[in-house]
Amino acid sequence: MNKKKEPLLYAQGLKKTYTTGTVKTEVLKGADVEIHAGEFVTIMGHSGSGKSTLMHILGFLDAPDEGKYVFEGKDTSKFDDDQLAEIRNKKIGFVFQSFNLLPRTSALDNVRLPMIYAGVPEKEQIIKATKALESVGLGHRLNNLSNELSGGEQQRVAVARALVNNPSLILADEPTGNLDSASTKEMMKVFDELNKKGHTLVIVTHEDNVASHAHRTIEIHDGVCKRS
Ligand SMILES: Nc1ncnc2c1ncn2[C@@H]1O[C@H](COP(=O)(O)OP(=O)(O)OP(=O)(O)O)[C@@H](O)[C@H]1O
Ligand SMILES: [Mg+2]
């Protein structure tokens, strides 16, 4: 049988408008996206074009006003709060520009957090968190508090936290936006390795040297997505 492989996710006709007072901002005006398992995709577009808005929808942190979003073959518009919480915790790993680590908390404990929510037994939490931190080159920093780490190291802890539940999709919103060029290179090495191991990555960036690591770029312009 010559059946075309189903994408990991696809979205069609996504619309999102924000209203502040009397001002309406139409951010997404019918955006279509398709991501296949194992892909490494970047999303680009000018500031305010809707990149974070799209990422939040793809990561179930926000819902579209209109449009269809199918994740692993399931129409997500019917998901209730419990299903959404479960998918956010187990299927999606999110990395933010500002790291978002718990302060005065060790690297190991930061990475254990999603597993605590997922009800993973403590021994397994420690083994998996250690492995995740080793995989981002931080095996020697397990017990350092987050505020004792450099920006690049903090972001690698955030990546370890994002991948520790073995999610289907890692979404990163300008993960190198606060890093210097040496830490950016280090970070991109980590993303390249994760992708080689089979992780699906979607990364928002303004930087061409980050986008050059991806298989393809989705460009948001005028509220719609263009493939380039
Ligand atoms: N919660 C919100 N309430 C009102 N307006 C919002 C909200 N979130 C985003 N916006 C507006 O929607 C537009 C798109 O925002 P978004 O954060 O998606 O852009 P972006 O492409 O990620 O930009 P940047 O590159 O600066 O991060 C912007 O004009 C922003 O001001
Ligand atoms: Mg943004």
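These lines cover the structure that appears in this document, whether it is placed above or below. (Residues numbered from 1 in each chain as written. Chains lettered and ligands numbered in written order. Predicted model: local features only at pLDDT ≥ 70, side-chain atom pairs only at ≥ 80, totals over all residues. Heavy atoms only, no water.)

What follows deals with the sheet that holds strand 3 (residues 40-44). Pairing in this open sheet of 6 strands is mixed, and the strands run 6-7-8-3-9-10 from one edge to the other. This sheet does not close on itself; its edge strands, each paired only once, are strand 6 (92-95) and strand 10 (224-227). Mean inter-strand twist for the sheet, computed between neighbouring axes without regard to direction, equals 20°. Alignment of strand 6 against strand 7 (residues 169-173), held across 4 bridges, turns out to be parallel. Note on strand 7: the bridge partner recorded for isoleucine 92 is leucine 169. (Pairing = 2+ DSSP bridges. Helix = DSSP H or I, 4+ residues; strand = E, 2+ residues; numbered from the N terminus. Axes fitted to C-alpha atoms, helices over the stretch in contact; angles between N-to-C directions.)

To continue, consider the sheet that holds strand 2 (residues 23-35). Strands sit in the order 2-1-4-5 across an open sheet of 4 strands; the sheet is antiparallel. Either end of the sheet is taken by a strand with one partner, and the two such strands are strand 2 and strand 5 (74-75). Note that strand 1 (residues 9-20) and strand 2 share 10 bridges and pair antiparallel. Within strand 2, the position partnered with lysine 15 by the bridge is lysine 29.

Before going further, it helps to spend a moment on the site of ligand 1. Every one of the 13 residues lining ligand 1 counts as a neighbour, but Ser47, Gly48, Lys51, Ser52 and Thr53 are closest to it. Contact between ligand 1 and glycine 50: an oxygen atom at 3.0 Å from a main-chain N or O atom of the residue. Between ligand 1 and histidine 206, the relevant distance is 3.1 Å, taken from an oxygen atom to a side-chain nitrogen or oxygen of the residue. Looking at which element gives the most residues to the shell around ligand 1, the answer is helix 1 (residues 51-58), with 3 residues. In terms of residue class, the shell around ligand 1 is made up of 2 nonpolar, 9 polar and 2 charged. (Near = heavy atom within 4 Å. Polar contact = N/O pair within 3.5 Å; in protein donor to acceptor, adjacent residues only side chain to side chain. Nonpolar A, V, L, I, M, F, W, Y, C, P; charged D, E, K, R; others polar.)

We now examine the pattern of salt bridges. Tallied over the entire structure, the rule returns 11 salt bridges. Its salt-bridge partner being arginine 216, residue glutamate 39 comes within 2.7 Å of it at the nearest N-O pair. Residue glutamate 39 is found in the loop between strand 2 and strand 3, and its partner arginine 216 is found in strand 9 (residues 216-221); the two are separated by 177 residues along the sequence. The residues glutamate 39 and arginine 216 share a single accessibility class, namely buried. Linking lysine 91 and glutamate 72 is a salt bridge whose minimum nitrogen-to-oxygen distance equals 3.0 Å. With a gap of 19 residues between them, lysine 91 in the loop between helix 2 (81-90) and strand 6 and glutamate 72 in the loop between strand 4 (66-71) and strand 5 connect regions that are remote in the sequence. (Salt bridge = Lys/Arg side-chain N within 4 Å of Asp/Glu carboxyl O. Buried < 20%, exposed > 50% of the residue type's maximum accessible area, 1.4 Å probe, protein only.)

A few words on the environment of alanine 37. For alanine 37, the location among the structural elements is in the loop between strand 2 and strand 3. Judged by relative accessible area, alanine 37 falls into the partly exposed class, the value being 48%. Separated by 32 residues in the primary sequence, alanine 37 and lysine 5 have C-alpha atoms spaced 9.6 Å apart. Aside from chain neighbours lying at most four places away, what touches alanine 37 is Lys5, Leu8 and Thr200. (Contact = heavy atoms within 4.5 Å.)

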